Amino acid sequence: MSDVDKTSLRDELYNYLKADDRTLEFLLERVLDGVWYTDVREPRREWLSRGYKALFGYAEDEIDDFGEWWRRNMFPEDVQRADDDVRMALADPDHKYQHVVRFRHKDGHTVWVHCRGHVVRDAEGRPLRLLGCHIDVTRLMELEQIDRFGTIVEHCVSGIYLIDAETLKFVQANGGARQQLGYSMAELAELTPIDVSGIGSRQELMDRLAPLRDGKIPFVTFETTHIRKDGSTYPVEVHCEWLDTSPRPVFLTFVSDLSEMKRRENELAASREFNQIILDSVSDGIATLAPLESDGRVVDFTIIAVNHAMRRQFHLHETPFVGARLSEIMPGIAAPDLLQRLAEVASDGNAFAAEIGPGGATSDWHLVRANRTPFGALFITCINITAAKQRELSLRQSNEALKRFSAIVSHDLQAPLRHIGLFAEMLEAKLTGADDETRFMTGRIRDNTRRLQRMISGLLDYTTVAYAEIQRESVDLGGVVADVMKLLEGDIAAKQASIVVDPLPTVRGDRDLLARLFQNLIANALKYASDAPPRIVIGAKRPDGNWIISVADNGIGIDPRFGERIFDVFNRLHRDESRYPGMGIGLAICRQIVESHRGEIWVDSEFKPGARFCFSLPAD
Ligand code: ADP
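Residues numbered from 1 in each chain as written. Predicted model: local features only at pLDDT ≥ 70, side-chain atom pairs only at ≥ 80, totals over all residues. Heavy atoms only, no water.

1. Things to note about the pairing of strand β14 (residues 366-372)
Inclusion rule: When DSSP finds two or more bridges between a pair of strands, those strands are recorded as paired. Strands are runs of DSSP state E lasting at least two residues, helices are runs of H or I lasting at least four, and both sets are numbered from the N terminus onward.
Note that strand β13 (residues 352-356) and β14 share five bridges and pair antiparallel. Pairing of Ile-356 across the sheet is with His-366, part of β14. With seven bridges joining them, β14 and strand β15 (residues 378-384) adopt antiparallel strand pairing. Each bridged residue has a counterpart across the sheet, and for Val-368 the counterpart in β15 is Cys-382. Hairpin connection of β14 to β15: five residues between the antiparallel strands, including Gly-376 at a positive phi of 90°.

Take a look at the structure:
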């Protein structure tokens, strides 16, 4: 055919197009999937072909031609690209307007559209209209996705196999599979799973896969060993499904290499074993508990780990306890209130400690401490304190006995003593004419009786302090000394004593007992004065964790040889009662008070002239 003929056919078609709408209709409906025509100056004004609307599931009258329908139905991420393309096409006559964008179909699915456009310009080249056409490329895009998926499967590190359901030969194996086994696809095509795994026979393999073939179960999973081309092996997990594809059904099989997992499992088991050995070597009970919640509240605990000591303390030797519930396995420790408190620790994270007495799972006393770990589990330590509790009990019992004894002494001995004293005085009054010796003897009876009475009340005083329950509070020692000085002000004035009080600390202790301590020391400093007026200095220093308080005087002093003895009951260095009245109880009481405050008391043997008493008190 000549060029002249071709040209005439084209002209003919052009003429048809102009003369007969049906030809244009054919092009619009059958050749193109959609056509749109927009007024560039007023973009909301546009004409959309019937095919355009049908492509997105709409009838002719369902989409308004004035309203930029496309802008609302194109994927928002793609609108910008379309706008950019329009802008560039309008600005540059050589720009090729074309892009692939996504629209939302009326029924919700995605429609991929390849969109081309052409700018109609006036004689001066100014843009007037934009004519565009859509081609539906959804299927193409899906195929591309599938192709991409195929690439992903190929590169997947897990082994993926298709196994012929009849011959059991490998039909397909992805890159991961080939790499794991070390065979090429061509080599694998000649092999079956029996050649590359620990499955010993065709029968064994068929037995494993039979339930899939029958459709009884959707998949089978099992562990076995894979054998590489070079003969080395590795543990695997196999997941197998039946796939009824053409031309023949296959087993779709996923194989995961478990070597790394098994190695970690072994490592974990070894470290668990190691941890358990450490835990078991500790003599205190240790347990880790995971909280169990119901309706957002912790109601019980699962036991994660328990050491030997804990098992011994709660007689858990035979019981399988790890994974068990705390309330079932240790009904004693999990008494409702304790369980409640452990639940609080799990919820608010505040640690707690409590003494748990005999009952339930144990016959001993335990000090239980609970802390929440950063991972939300509870870490429990349990110390058997039965021995300490027993000591405490027997101490309390002997204290009680001593208290009773002191009460008896004070009441039952004081009364007959009073009588003896009274009768001695009466006898003395009657014996006015008696000889000196008789009067001397009755006088001794009277004096010794009085002395015995004072000794008994001194002893009573001592035992009262010795067994006093200490009320610990914050005590300002400066304030205490000021009070004591007020109490002794008569004595201080009578002796013309001067007292210097340096700054004193605040300590924790029993205010009354500490006042008693200062009272005894200051009274002694006044009592054991030399001929000069007493000068007393009270000071404090803190060389380490303890306060050292000192009470120094310029009195007669103490022979260092007796520095220890003076703290014993009834021990006196100065027996002249007319000059230094006393029973030898004061310092014994001082020692008792200081020791009950976890301190010590002593006489500073270096100090001269006079005496300096020092005592320590914990600073916290
Ligand atoms: P008391 O004063 O009733 O004898 P204390 O137990 O208070 O009993 O004192 C025991 C002894 O220690 C006193 O008898 C005295 O010999 C000696 N002593 C106590 N304080 C001083 C002091 N500041 N100076 C010298 N001697 C003292």
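Having seen the structure, we can now continue with the description.
2. Description of the site of the ligand
Selection rule: Proximity is defined per residue: any heavy atom of the residue falling within 4 Å of a molecule or strand makes that residue near it. Polar contacts, as used here, are pairs of N or O atoms within 3.5 Å; protein pairs need one atom able to donate a hydrogen and one able to accept it. Residues neighboring in sequence count only if both atoms are side-chain atoms. Every accessible area reported is derived by Shrake-Rupley at a probe size of 1.4 Å, with residue values counting cover from the shown protein chains alone. Each cavity reported here is a set of points on a 1 Å grid over the protein atoms alone in which a 1.4 Å probe fits but cannot get out, each pocket an open set with protein on both sides within 12 Å along at least five of seven lines, and each lining residue one with an atom within 4 Å of a point. To be counted as sitting in a cavity or pocket, a molecule needs more than half of its atoms within 2 Å of that site's grid points. For this scheme, ten residues count as nonpolar: Ala, Val, Leu, Ile, Met, Phe, Trp, Tyr, Cys and Pro. Four count as charged, namely Asp, Glu, Lys and Arg, and the remainder, Gly too, count as polar.
By nearness alone, 20 residues border the ligand, and Asn-524, Tyr-528, Arg-572, His-574 and Leu-587 come closest of all. Side-chain polar atom of Arg-572 to an oxygen atom of the ligand: 2.5 Å apart, as the coordinates give it. Take Leu-587: an N or O atom from its main chain is 2.8 Å from an oxygen atom of the ligand. Look at the ligand: alone it shows 530 Å² of surface, and the protein chains cover 98% of it. Judged by its atoms lying within 2 Å of the grid points, the ligand is housed in the largest pocket. For the shell around the ligand, the elements supplying multiple residues, two or more each, are α19 (511-527) and α20 (586-596). The biggest single contributor to the shell around the ligand is α19, with three residues. Considered class by class, the residues forming the shell around the ligand number ten nonpolar, seven polar and three charged.

3. Quick look at the sheet that holds strand β4 (residues 110-121)
Across a sheet, strands are paired by hydrogen bonds formed along the backbone, either parallel or antiparallel in direction. The criterion, for reference: Only C-alpha atoms enter the line fits that serve as axes; for helices the fit covers just the stretch in contact. Angles between N-to-C directions range over 0 to 180 degrees. Contact criterion: two residues are considered in contact whenever any of their non-hydrogen atoms come within 4.5 Å of each other.
Ordered by their spatial adjacency, five strands build an open sheet running β2-β1-β5-β4-β3, and the pairing between neighbours is antiparallel. Here the strands that pair on one side only, and so sit at the sheet edges, are β2 (46-48) and β3 (97-104). Between one strand axis and the next, the sheet turns by 25° as a mean value, whatever way the strands run. Taken together, the three bridges between strand β1 (residues 34-39) and β2 define a ladder with antiparallel strand orientation. Each bridged residue has a counterpart across the sheet, and for Tyr-37 the counterpart in β2 is Trp-47. Here helix α5 (residues 76-91) sits on the sheet in contact with β3, β4 and β5 (127-136), set at roughly 155° to β3.

4. Details of the side chain of Arg-102
We count it as follows: Partly exposed describes any residue whose relative accessible area lies between the buried limit of under 20% and the exposed limit of over 50%, with all areas from a 1.4 Å probe on protein chains only and scaled to the type maximum.
Turning to its location among the elements, Arg-102 is positioned in strand β3. Taking relative accessible area as the criterion, Arg-102 reaches 19% and is therefore assigned buried.

5. Points about the packing of aromatic side chains
Note the threshold: Only centres within 6.5 Å qualify two rings of Phe, Tyr or Trp (six-membered ring in Trp) as a pair; their planes then separate them into stacked at under 30 degrees, edge-to-face at over 60, and tilted for everything else. When the NZ atom of lysine or the CZ atom of arginine is within 6 Å of a ring's centre and also within 35 degrees of its normal, the charge is said to sit over that ring.
Throughout the structure, instances matching the rule amount to twelve aromatic pairs. Taking the centre distance of 5.5 Å and the plane angle of 75° together, the rings of Tyr-52 and Phe-56 count as edge-to-face. For Tyr-52, a relative accessible area of 2% translates into the label buried. On the accessibility criterion, Phe-56 (0% relative accessible area) is buried. Taken together, the ring pairs in this structure connect Tyr-52, Phe-56, Tyr-58, Trp-69 and Phe-103 into an aromatic cluster. The ring of Trp-547 is capped by Arg-542, whose NZ or CZ atom sits 5.6 Å from the centre of that ring.

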